Amino acid sequence: MNEHYTVFPKVVPIDKDVKIIVSGVHDRTVVPEKEYNITVQAMCNHYDNAQYKTTALSARSKYGVSELSKGGMIEFTHKFATKGEYTIKIMRDDSTLLTTEQIYVASPELAQLTPYRGDLHIHTYYSDGSMSPIYMAIMGRKLGLDFAAITDHRRYFPSLEAIENAKKIDLDLLLFPGEEIDIETAHIVSVCANASVVEARGGEESYKRQLIETVENRLKDAAMVENLTKDQYASAKWTVDRIHEFNGYAFLAHPYWVSGNRYDHHLPISDQLLKDSEIDGVEVIGGHWQFQYESNMLAMVKYYDQVAKGYKIPILGNSDTHYNYKIGKDLFGWYWTTVFAKSLSKEDIFDAIFNLRSVACERPFGERFIACGPYELVEYTCFLDREFFPIHDHICSMEADIYFDILADKEASIEPLNSLRKNLGELYRNSFQF
């Protein structure tokens, strides 16, 4: 993404005439009102290219986060015939390069959807985290999240506390209730359930009776995968059943995380859940310090292997953050899910995930970007990570600073917050040509 010039829209539908506008974003980088030669070239189709000659127009208008200064604005119309990324090169008549900009051309279906970022695996000081639920929610916004879930170990109420306190400050973040459930040989994250699954176990004797009933009734005629007995599988089956009974979604967490010199999960349980279509999705990218690259790599390869066998697997990328501020760094913001949804609502976010329109993402230590998911969506996500989300995240970060002031009982004007929300709305409207 060029910090001096910008192009809008950034995403356009295929085979439609689209007006493209290139402008400077600072007083010092306005487009001089001269003639320019424009080259439009598809990255994946060497025979799809076009050239234009135009003169910059005088204009003053708003795009994204900055008001353009008086000066030139390059405008031309083009019909993009190839899906994927395009490069737009703008040269002065003396062959001096003004700027190179990128545009993504999407299928009609994908072009109608909006990208959002979320994290559905977050801990607080109510389990083994370090900060409060509302602090983690605001920090999520600061890191560019649009939706999130607090999922403390064996505790459901912290997620409700986060939702309640977020409403009090009108936090611009869609929050879902959740908890992380330990089942001896696996971890399952419950999201959007209307009650605590762990509390539904009751006492130890009650839970044992329920597991026996699960084996005798729910698993009576079940065929087990290799190296898995019904008794071993009962807790996972009972947990997923309760999550669904409570209208929630069950996601398999960090299946290849190494704990105690072995994988945290008894992997046949994961295989059984997938075989029986019991699980709602898998955390193919998760945050953990030790063995994180190898663990995520194995989960990603397993995902592609299962897809090749015909499984349709909704996937997530989650941080599993505990926000350990004492060591000066954290997993929060390094791992996330990008979804392509009709709107930022519970129904549309999970509709996107379950209809395989999600991409698991990571940038550990703030360095290299990695994404896992269907090819077209990963290609699109790579573009957005470079060309759209840096602006989006900057606005979110400024919003969060105001929310932190409110949380600290500092005097904070609501007017800048309203202005930032307006800017974010304009960024979305200008970036995506539906």
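Placed above this text is the structure.
A short tour of the structure in this document, coming up. Keep in mind the model is a prediction, meaning the values are calculated, not measured. Per chain, residue numbering runs from 1 following the sequence as it is written. Thresholds applied to this predicted model are a pLDDT of at least 70 for local features of residues and 80 or more for the giving and counting of side-chain atom pairs; totals over whole chains, interfaces and linings are not thresholded and use all residues. Calculation of side-chain values draws on the structure's entire complement of heavy atoms; hydrogens and water are dropped beforehand.

Some points on helix 10 (residues 389–407)
- With 19 residues, helix 10 ought to run about 27 Å at 1.5 Å a step, and its terminal C-alpha atoms sit 26 Å apart, in line with that.
- Relative accessibility under 20% of the residue-type maximum defines a buried residue, over 50% an exposed one, and the middle range a partly exposed one, all with a 1.4 Å probe and only protein chains included. Secondary structure elements are taken from DSSP: a helix is a run of H or I of four residues or more, a strand is a run of E of two residues or more, and numbering for both begins at the N terminus. Three or more residues of helix 10 are buried, namely F389, I391, H392, D393, I395, C396, S397, E399, A400, I402, Y403 and F404.
- Taken together, the buried residues of helix 10 touch strand 12 (114–122), helix 2 (133–142), strand 22 (335–341), helix 9 (375–387) and helix 11 (414–431).
- Downstream of helix 10 by one or two residues, D409 has phi in the positive range, about 60°. Multiplying 1.5 Å by the residue count of a helix minus one yields the expected span of that helix. In what follows, a contact means two residues having at least one pair of non-hydrogen atoms within 4.5 Å.

Brief notes about unusual backbone geometry
- The amide bond that connects F8 to the next residue, P9, takes the cis arrangement and shows omega of -10°.
- At E184, a position not held by glycine, the phi torsion is positive, near 65°.
- Inspection of the secondary structure assignment puts E184 in the loop between strand 15 (178–182) and strand 16 (187–191).
- A residue is classified by how much of its surface remains accessible, and E184, at 62% relative accessible area, is exposed.
- The phi angle at S277 is positive, at roughly 55°, despite the residue not being glycine.
- Along the chain, S277 turns up in the loop between helix 6 (267–275) and strand 20 (281–286).

Some words on the packing of aromatic side chains
- Note on ring pairs: Phe, Tyr and Trp rings are taken, using the six-membered ring of Trp, and paired if centres are within 6.5 Å. Classes follow the plane angle, with under 30 degrees stacked, over 60 edge-to-face and the rest tilted. Scanning all chains against the criterion turns up 24 aromatic pairs.
- Chaining the aromatic ring pairs together yields one cluster made of F147, F176, Y249, F251, F350 and F354.
- Here the guanidinium or amino end of R117 rests over the ring plane of W336, the centre of that ring lying 4.2 Å away. Counted as over-ring charges are cases with an Arg CZ or a Lys NZ within 6 Å of the ring centre that also lie within 35 degrees of the ring normal.

What to know about the pattern of salt bridges
- By definition, a salt bridge exists where a carboxyl oxygen of Asp or Glu is found within 4 Å of a side-chain nitrogen of Lys or Arg. Enumeration over the complete set of coordinates arrives at 21 salt bridges.
- Salt-bridge contacts for R218 lead to D241; the nearest nitrogen and oxygen are separated by 3.0 Å. Placement of R218 in helix 4 (residues 204–218) and of D241 in helix 5 (residues 230–245) is noted, with a sequence separation of 23 residues between them.
- Judged by relative accessible area, R218 falls into the exposed class, the value being 53%.
- Overall, the relative accessible area of 12% leaves D241 in the buried class.
- One salt bridge connects E245 with R242, and the closest N-O pair in it is separated by 2.8 Å. Pair noted here: E245 and R242 are both in helix 5, with a separation of 3 residues, about one helical turn.
- Where salt bridges share partners, they join R141, D146, D172 and E399 into one cluster.

A short note on the nonpolar core
- As used here, the term nonpolar core means buried Ala, Val, Leu, Ile, Met, Phe, Trp, Tyr and Cys residues forming a set that is joined through side-chain atoms within 4.5 Å. In terms of nonpolar packing, the biggest core is built from 69 residues, with L120, L171, V191, F350 and L384 touching the most fellow members.
- Per-element accounting of this core gives the leading share, 7 residues, to helix 10.
- The residues contacting L384, other than those within four sequence positions of it, are V11, P115, F340, F389, P390 and F432.
- Ranked by size, the runner-up nonpolar core spans 39 residues in total, among them Y207, L219, L274 and I370.

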